[in-house]
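Architecture at a glance
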Amino acid sequence: MKKKISALLVMLLVCGIFGGCGATKDADTTTLFPEKKGGITEVAVGDFDKDNYDENELEQYVKDSIKEYEDSDGAGTVKLKNLSVKDGVAKLGMHYSDSTAYSAFVGDTVFTGTVVQAIAAGYDFNTDFVAVTDGAAGDAADSKDVMKNDDYHVIVLSKGVDVTVDGTLQYVSSGVTVKDKNTATVDEIPAGETAEARYIIYK
């Protein structure tokens, strides 16, 4: 059973079968909720086969994985917010103190911060952008204009997932689809293709 639970947790956190969920956040699809202060809440939603997995064992395995991470001096903090199973659907809620903790625990590189912090971290914004107006993708935008708004916030990632920001979308890069004024979908990376960084800028 432990091997099955371990495999399920990997699918949840790495493959995105599940999405994160906080006490006041919910989602029907895999969703990240970046916070302007740096934290990330993750929501995962997926089918749960009780014949193969045990809910209590999964919860304990998550807790053990967090303890192991903390005992190994993992960066930042990782917290299990909740885990529920209803009508064959499971939801796992995780909170990460910052993108460094998220990347280290999940193994999927994500950056959150202001545009100026992203530039300082080495992100060059050398990609195509479109402006977002009233919750819809609009005209093409020059990356130089995007980078001028250095007080805007940005999340940079390269995996297919929904992202709901703590604010209003301003620009998205290629490979990102706008859903509404504060939610966008990072398109799945086709198998065999190199995962390129996708940018979501908001204020």
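So, here is what we can say about the structure in this document.

Parameters at a glance
- Residues numbered from 1 in each chain as written.
- Predicted model: local features only at pLDDT ≥ 70, side-chain atom pairs only at ≥ 80, totals over all residues.
- Heavy atoms only, no water.
- Helix = DSSP H or I, 4+ residues; strand = E, 2+ residues; numbered from the N terminus.
- Buried < 20%, exposed > 50% of the residue type's maximum accessible area, 1.4 Å probe, protein only.
- Contact = heavy atoms within 4.5 Å.
- Pairing = 2+ DSSP bridges.
- Axes fitted to C-alpha atoms, helices over the stretch in contact; angles between N-to-C directions.
- Phe/Tyr/Trp six-rings, centres within 6.5 Å; stacked < 30°, edge-to-face > 60°.

Take the environment of Val-186 next. Counting through the fold element by element, Val-186 comes out in strand β12 (residues 183-186). Owing to a relative accessible area of 1%, Val-186 belongs among the buried residues under this scheme. Sequence separation between Val-186 and Ser-174 is 12 residues, and the spatial gap between their C-alpha atoms is 9.1 Å. Every residue in contact with Val-186, bar those within four places of it in the chain, is listed here: Leu-157, Lys-159, Gly-160, Val-161, Val-163, Gly-175, Val-176, Arg-198 and Ile-200.

As a further point, take the pairing of strand β7 (residues 136-141). Pairing between strand β6 (residues 129-133) and β7: 4 bridges, direction antiparallel. Note that in β7 the partner of Thr-133 across the bridge is Ala-136. Once β6 ends, the chain turns through 2 residues before running back antiparallel as β7, passing Asp-134 with a positive phi of about 55°.

Taken in spatial order, the 6 strands of this open sheet run β5-β8-β13-β10-β6-β7, and their pairing is antiparallel. Among the strands making up the open sheet, the edge pair consists of β5 (111-114) and β7. Pairs of neighbouring strands in the sheet enclose a mean axial angle of 25°, with direction left out of account.

By the definition in use, this model includes 8 aromatic pairs. Arranged with centres 6.2 Å apart and planes meeting at 50°, the rings of Tyr-96 and Phe-105 form a pair that is tilted. Pair check on accessibility: Tyr-96 and Phe-105 agree, each one buried. A ring pair is formed by Phe-125 and Tyr-199, whose centres lie 4.7 Å apart and whose planes are at 40°; its orientation type is tilted. Taken together, the residues span a long stretch of sequence, with Phe-125 in the loop between α4 (115-120) and β6 and Tyr-199 in strand β13 (residues 198-202) at a distance of 74 residues. Here the two residues Phe-125 and Tyr-199 agree in accessibility, since each one is buried. In this structure an aromatic cluster arises from ring pairing among Phe-111, Tyr-123, Phe-125, Phe-129 and Tyr-199.

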